[in-house]
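Residues per chain, in single letters:
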Amino acid sequence: MIRVLIADDHVIMRNGLKQLCGDMGDIEVAGEAKNADDVLGLLNSGRKFDLVLLDLTMPGASGTDLVERVRKHDANLPILVFSMRSELQVAKSVFKAGATGYITKGGEEDLLISAIRKVAAGERFVDPAIVEQSIFEKRAQGETALGRLSEREVQIMKLIAQGKTLTEIAAELFISITTVCAHKKNLMLKMNFGSTAELAIYVAENGLNRI
């Protein structure tokens, strides 16, 4: 049985969550809190919880501050943030503060139940809407960086991604190995690649190997 502490300042929301969890059979609402003091009081009471389902905006301490306080109380207690906020930066700050999962209140009930089960089992969970934002952000950052590469650097990046050695690239392009090494060093820095594997993945994910 997954023992959940629900922390939300809206009675209707808490009641709805209790009913939803109660219908599952494997999830029990073992505590309710309407503000930060309630949350910390319940955690300090000695009662055992397998997960804290935490709203970000409540009276008193809230947001990342409350996440940090809960994490300070118990470094291993799973925290699933359940919020109206769907901005990528908000989710990032929450995870940095110590949350285990993040889901928005606009999602489907099945998704919430899945998130509760995964987070309670020690896994991380990120709302698909947040994941999508992250993917587009990384793609935009990559495209911006790609624009800083010279035509020759792009050419060499593609050849490296094909698995060709620097010596083979030098022979194919009729340039010296020293020049190839210099281009590789520059493009790795500009694209912020930590390894050749990252370079190859980027080329494949962005379809550059087909251009």
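To be clear, the structure that these remarks concern was listed above.
Before going into details, it helps to say that this report is about the structure given with it.

Conventions used here
- Residues numbered from 1 in each chain as written.
- Predicted model: local features only at pLDDT ≥ 70, side-chain atom pairs only at ≥ 80, totals over all residues.
- Heavy atoms only, no water.
- Buried < 20%, exposed > 50% of the residue type's maximum accessible area, 1.4 Å probe, protein only.
- Helix = DSSP H or I, 4+ residues; strand = E, 2+ residues; numbered from the N terminus.
- Pairing = 2+ DSSP bridges.
- Right-handed = clockwise from strand over helix to strand, strands pointing away.
- Expected span 1.5 Å × (residues − 1).
- Arc of directions from axis to C-beta.
- Contact = heavy atoms within 4.5 Å.
- Salt bridge = Lys/Arg side-chain N within 4 Å of Asp/Glu carboxyl O.
- 1 Å grid on protein atoms, 1.4 Å probe; cavity = no way out; pocket = protein on both sides within 12 Å on 5 of 7 lines; lining within 4 Å.
- Points joined across faces, edges and corners; volume = space filled by probe spheres on them.
- Nonpolar A, V, L, I, M, F, W, Y, C, P; charged D, E, K, R; others polar.

**Concerning the pairing of strand β3 (residues 51-54)**
Here's step 1: Neither face of β3 is left uncovered, since the one carrying L51 and L53 and the one carrying V52 and L54 both have all their residues buried.
Here's step 2: Pairing of strand β1 (residues 2-7) with β3 involves four bridges; the strand directions are parallel. Of the residues in β3, the one forming a bridge with I6 is L53.
Here's step 3: You can see the chain leave β3, run along helix α3 (residues 63-73) and come back into strand β4 (residues 79-83), and the turn it takes is right-handed.

**Considerations on helix α1 (residues 11-22)**
Here's step 1: Its 12 residues give α1 an end-to-end C-alpha distance of 16 Å, which sits within 8% of 16 Å, the value for a rise of 1.5 Å per residue.
Here's step 2: All of the buried residues along α1 are R14, L17, L20 and C21. The arc that holds the buried residues of α1, viewed along the axis, is 130°, so those residues lie on one side. Residues of α1 that are exposed and angled more than 90 degrees away from the buried face: I12, Q19 and G22.
Here's step 3: Check the buried side of α1 and you find it contacts β1, β2 (27-33), β3, β4 and α5 (109-120).

**A look at the pattern of salt bridges**
Here's step 1: Following the criterion strictly, the structure yields 10 salt bridges and no others.
Here's step 2: Among the ionic pairs, R3 bridges to E28, the shortest N-O distance being 3.7 Å. Taken together, the positions of R3 in strand β1 and E28 in strand β2 put the pair 25 residues apart, joining distant regions of the chain.
Here's step 3: You can call R3 partly exposed: its relative accessible area is 27%.
Here's step 4: K164 is paired through a salt bridge with E172; the nearest N and O atoms lie 2.5 Å apart.
Here's step 5: Connected through shared salt-bridge partners, D8, D55 and K105 make up one network.

**Regarding the layout of surface pockets**
Using a probe with the size of a water molecule, rolled over the atoms, empty space left in the structure can be pinpointed.
Here's step 1: By volume, the second largest pocket amounts to about 210 Å³.
Here's step 2: Lining of the second largest pocket is provided by 14 residues; of these, L17, L20, F82, E109 and L112 occupy positions nearest its centre.
Here's step 3: Looking at the lining of the second largest pocket, the elements that each hand over two or more residues are α1, β5 (101-104) and α5.
Here's step 4: The element contributing the most residues to the lining of the second largest pocket is α1, with five residues.
Here's step 5: Grouping the amino acids of the lining of the second largest pocket by side-chain chemistry returns six nonpolar, four polar and four charged.

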